[in-house]
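Here's the letter readout for the chains.
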2 protein chains.
Amino acid sequence: MFVSHRSIEQRVLARLRESGYEITAAQGRVFARIGPDGTRLTELADSAQVTKQTAGFLVDQLVRGGYVERVPDPSDARARLVRMLPRGRLVQERAREVEDEVTAEWTRHLGEPAMATLTQTMGRLREITDPYA
Amino acid sequence: MFVSHRSIEQRVLARLRESGYEITAAQGRVFARIGPDGTRLTELADSAQVTKQTAGFLVDQLVRGGYVERVPDPSDARARLVRMLPRGRLVQERAREVEDEVTAEWTRHLGEPAMATLTQTMGRLREITDPYA
DNA sequence: GACATTTAGTCAGTCTACTGGACTAAAGTG
DNA sequence: CACTTTAGTCCAGTAGACTGACTAAATGTC
């Protein structure tokens, strides 16, 4: 699991780098958890399973890279929402494309039914392995 | 895949810590690749996909912890073998026990056949995702 | 409505993992 | 025997993660 995960992660990051987006694995893990309407730092930290400090540090870098912005949360003056910028959405799209490519490759190797079963099984496994979900 | 992998890794490390073995994830990844007759640093580095420097750094820590030793490689005077010490073998045993526990839990959740399929599929996936194997 | 507690996020300091580049010594190769 | 490759080390630097201590706003309680 470790090997396969690292493989897909590295491929996605390498392709993003080729496309001119300098994103690291740690940044990507936080980035991938930003919802369509923006997400609070604390929520990002919880779901990515890192401390608030670490999440803040990574978001700072994403802000500097022009991928996301921080806006005040209208419903809570203490909080701020981390929200996608257009450049961030481009990265998301590109990442999804690469993911699809890799999925297609894996399907070619494993066969359609085995790949479908794998996807489904990993989803069920997440029920007991993801403390956040 | 990331979530499930992290879950099992953290559980194994937590249990080892409880048993008095202070091992980090990075150390564990190198440690797990040491063969029964000892393994060269370069080989550990390649299979764990880190640089020789990193592998050397981690092995140093394992040596300091009393888990492994470095002995000259009889077949090559440049090389040295990283070899398990008795304390290291205890860690291996303990780790395997925890792994079995987790596997049993997953099997309870997924069902016997799905778990068997998962194990098999992950093996096949490794064929195309592990550059070393 | 005052007070205590919780929650969102930041600041400062530290440690681990990892990298690149330069180097030594032994092995293999024409 | 010169030449290249291979095993491993030393040095210097960066990224990512953590703990602990803090501010400010929100929420709960009597």
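## A short note on the packing of aromatic side chains
All names here are of chain B.
Now for step 1: Under the defined criterion, the tally for this structure stands at two aromatic pairs over all chains.
Now for step 2: Seen from their ring centres, Y21 and Y67 are 6.5 Å apart, and the 70° between their planes marks the pair as edge-to-face. Separated by 46 residues along the polypeptide, Y21 in the loop between helix 1 (2–18) and helix 2 (25–31) and Y67 in the loop between helix 4 (52–64) and strand 2 (68–73) bring together distant segments of the chain.
Now for step 3: The exposure class of Y21 is buried, given its relative accessible area of 12%.
Now for step 4: Take Y67: its relative accessible area is 3%, and that puts it in the buried class.

## Remarks on the side chain of A:T107
Residues and elements named next belong to chain A.
Now for step 1: Here T107 is to be found in helix 5 (residues 86–110).
Now for step 2: Here T103 takes part through its backbone oxygen, which lies 2.7 Å from a polar atom of the side chain of T107.
Now for step 3: Look past the residues within four positions of T107 in its chain and what remains in contact with it is E112 and M115.

## Some details on the pattern of salt bridges
Now for step 1: Per the counting criterion, the structure on display carries 20 salt bridges over all chains.
Now for step 2: For A:D60, the salt bridge is made with A:R70, and the minimal N-O distance between the two is 2.3 Å. A residue pair is termed long-range when its members are at least 10 positions apart, and A:D60 in helix 4 (residues 52–64) and A:R70 in strand 2 (residues 68–72) qualify at ten residues.
Now for step 3: Note on A:D60: relative accessible area 35%, which makes it partly exposed.
Now for step 4: The salt bridge involving B:D73 is made with B:R40; its shortest N-O contact spans 2.9 Å. Taken together, the residues B:D73 in strand 2 and B:R40 in strand 1 (residues 39–40) connect sequence positions 33 residues apart.
Now for step 5: Residue B:R40 is classed as partly exposed on the basis of its relative accessible area, which comes to 29%.
Now for step 6: Where salt bridges share partners, they join A:R40, A:D73, A:D76 and A:R78 into one cluster.

## Focus: the protein's contact with DNA strand D
Now for step 1: Residues in close proximity to DNA strand D total 23 residues, the closest being A:T24, A:Q53, B:K52, B:R78 and B:R80.
Now for step 2: Here the atoms of DNA strand D within 4 Å of the protein split so that 65% fall in sugar or phosphate, with bases taking the remainder.
Now for step 3: In the environment of DNA strand D, a base oxygen lies 2.5 Å from a nitrogen or oxygen atom belonging to the side chain of B:R78.
Now for step 4: Sort the elements by how many residues they give to the surface near DNA strand D and helix 4 of chain A lands first, with five residues.

## Some remarks on the sheet that holds strand 2 of chain A
Consider a sheet: its strands pair through backbone hydrogen bonds, and that pairing is either parallel or antiparallel.
Residues and elements named next belong to chain A.
Now for step 1: Strand order across the open sheet formed by three strands is 1-3-2, with antiparallel pairing between neighbours. Only two strands of the sheet have a single partner each, and these edge strands are strand 1 (39–40) and strand 2.
Now for step 2: Pairing analysis gives five bridges linking strand 2 to strand 3 (residues 80–84), with the strands arranged antiparallel. Paired with V71 across the two strands is L81, which belongs to strand 3.

## Some details on the environment of B:L16
Now for step 1: Here B:L16 is to be found in helix 1.
Now for step 2: In contact with B:L16, not counting residues within four places along its chain, are B:Y21, B:V91, B:R94 and B:A95.

## Digging into the protein's contact with DNA strand C
Now for step 1: Taken together, 23 residues are adjacent to DNA strand C, and A:K52, A:R80, B:T24, B:Q53 and B:T54 come closest.
Now for step 2: For DNA strand C, a phosphate oxygen lies 2.7 Å from a polar atom in the side chain of A:T42.
Now for step 3: Interatomic distance of 3.3 Å between a side-chain N/O atom of A:R70 and a phosphate oxygen of DNA strand C.
Now for step 4: Listing elements by their share of the surface near DNA strand C, those giving two or more residues are helix 3 (41–48) and helix 4 of chain A together with helix 2, helix 4 and strand 3 (76–84) of chain B.
Now for step 5: At five residues, the largest contribution of residues to the surface near DNA strand C is made by helix 4 of chain B.
Now for step 6: When grouped by side-chain class, the residues that make up the surface near DNA strand C number seven nonpolar, eight polar and eight charged.

Rules of the game
- Residues numbered from 1 in each chain as written.
- Chains lettered and ligands numbered in written order.
- Predicted model: local features only at pLDDT ≥ 70, side-chain atom pairs only at ≥ 80, totals over all residues.
- Heavy atoms only, no water.
- Phe/Tyr/Trp six-rings, centres within 6.5 Å; stacked < 30°, edge-to-face > 60°.
- Helix = DSSP H or I, 4+ residues; strand = E, 2+ residues; numbered from the N terminus.
- Buried < 20%, exposed > 50% of the residue type's maximum accessible area, 1.4 Å probe, protein only.
- Polar contact = N/O pair within 3.5 Å; in protein donor to acceptor, adjacent residues only side chain to side chain.
- Contact = heavy atoms within 4.5 Å.
- Salt bridge = Lys/Arg side-chain N within 4 Å of Asp/Glu carboxyl O.
- Near = heavy atom within 4 Å.
- Pairing = 2+ DSSP bridges.
- Nonpolar A, V, L, I, M, F, W, Y, C, P; charged D, E, K, R; others polar.

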